[in-house]
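Structural features, examined
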Amino acid sequence: MVDRRAGAKRLGDGRGYRTLLLLRHAKSDYPPGVVDHDRPLAPRGIREAGLAGDWLRAHAPAIDAVLCSTAQRTRETLARTRIDAPVRFVERLYDATPGAVIEEINGVDPDVETLLVIGHEPAMSQVALGLATAEGSNTTAAASISTKFPTSAIAVLRTAEPWEALTLSSAALVTFHVPR
């Protein structure tokens, strides 16, 4: 479900739960002669990454840690969100399979309650849908993700599992937001 309400309730505040935020990088530019890994954000992406950060600060629990692809556009997205949390830049999140993303999440410190992962498509949508349980997930959000996971979009999942045990169908998809 695309949530555009300015005063929407904060998400994932349940005790004993962990919150996973999956953010696709903001819209990138395609400068001539620049390899894919080094592509910067486009002007639209700069604006939308800021909007994504505003939404995260307003609606998500405080972010304890960030896993971020090493690509230039993901680094710039993180910088523009103005999220202040410890960051680990992970090369394997660039051009990652869903399994690689989940393995990186499995290695997160168990004390982290809210984790932000900044990556790429198609991995972000596949991880969101793969982790989501059939029961307890927002079916409208799942349908939106199945249709398209646009740049700067955010999937919010909640799980009672420790990060090391997170696996397919072990989280509830709470919402899906596209900042525009």
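Below is a short write-up of the structure.

**Quick word on the pattern of salt bridges**
Across all of its chains, the model carries 10 salt bridges by this definition. Between Arg39 and Asp36 there is a salt bridge; the shortest N-O distance is 2.3 Å. Since its relative accessible area comes to 9%, Arg39 is described here as buried. Given the relative accessible area of 32%, Asp36 is considered partly exposed. Taken together, the shared-partner salt bridges connect Arg44, Arg47, Glu48 and Arg180 into one network.

**Some details on helix 2 (residues 72-81)**
Residues spaced three or four apart along an α-helix face the same direction, because each turn holds 3.6 residues. Within the span of helix 2, buried status applies to Arg73, Thr74, Thr77, Leu78 and Thr81. Along the axis of helix 2, the buried positions cluster into a sector of 140°, meaning they face one direction only. Where the residues of helix 2 are buried, they touch strand 1 (18-24), helix 1 (43-59), strand 2 (65-69), strand 3 (87-90) and strand 4 (114-119). Of the residues flanking the end of helix 2, it is Arg82, one or two places downstream, whose phi is positive at about 60°.

**Describing the sheet that holds strand 2**
With mixed pairing, 6 strands are arranged side by side in an open sheet as 3-2-4-1-5-6. For this open sheet the edge positions go to strand 3 and strand 6 (172-177), each flanked by a neighbour on one side alone. For this sheet the average axis-to-axis angle between neighbouring strands, irrespective of direction, equals 20°. The pairing of strand 2 with strand 4 spans 4 bridges and is classified as parallel.

**Quick notes on the environment of Ser69**
Position of Ser69 among the secondary structure elements: in strand 2. Accessibility expressed as a relative area gives 0% for Ser69, which makes it buried. For the pair Ser69 and Leu93, spaced 24 residues apart in sequence, the C-alpha to C-alpha distance is 4.7 Å. Dropping the residues within four chain positions of it, Ser69 is found in contact with Thr74, Arg75, Phe89, Val90, Leu93, Tyr94, Ile118 and His120. At 2.8 Å, the side chain of Ser69 and the side chain of His120 are in polar contact.

Scoring rules and cut-offs
Residues numbered from 1 in each chain as written. Predicted model: local features only at pLDDT ≥ 70, side-chain atom pairs only at ≥ 80, totals over all residues. Heavy atoms only, no water. Salt bridge = Lys/Arg side-chain N within 4 Å of Asp/Glu carboxyl O. Buried < 20%, exposed > 50% of the residue type's maximum accessible area, 1.4 Å probe, protein only. Helix = DSSP H or I, 4+ residues; strand = E, 2+ residues; numbered from the N terminus. Arc of directions from axis to C-beta. Contact = heavy atoms within 4.5 Å. Pairing = 2+ DSSP bridges. Axes fitted to C-alpha atoms, helices over the stretch in contact; angles between N-to-C directions. Polar contact = N/O pair within 3.5 Å; in protein donor to acceptor, adjacent residues only side chain to side chain.

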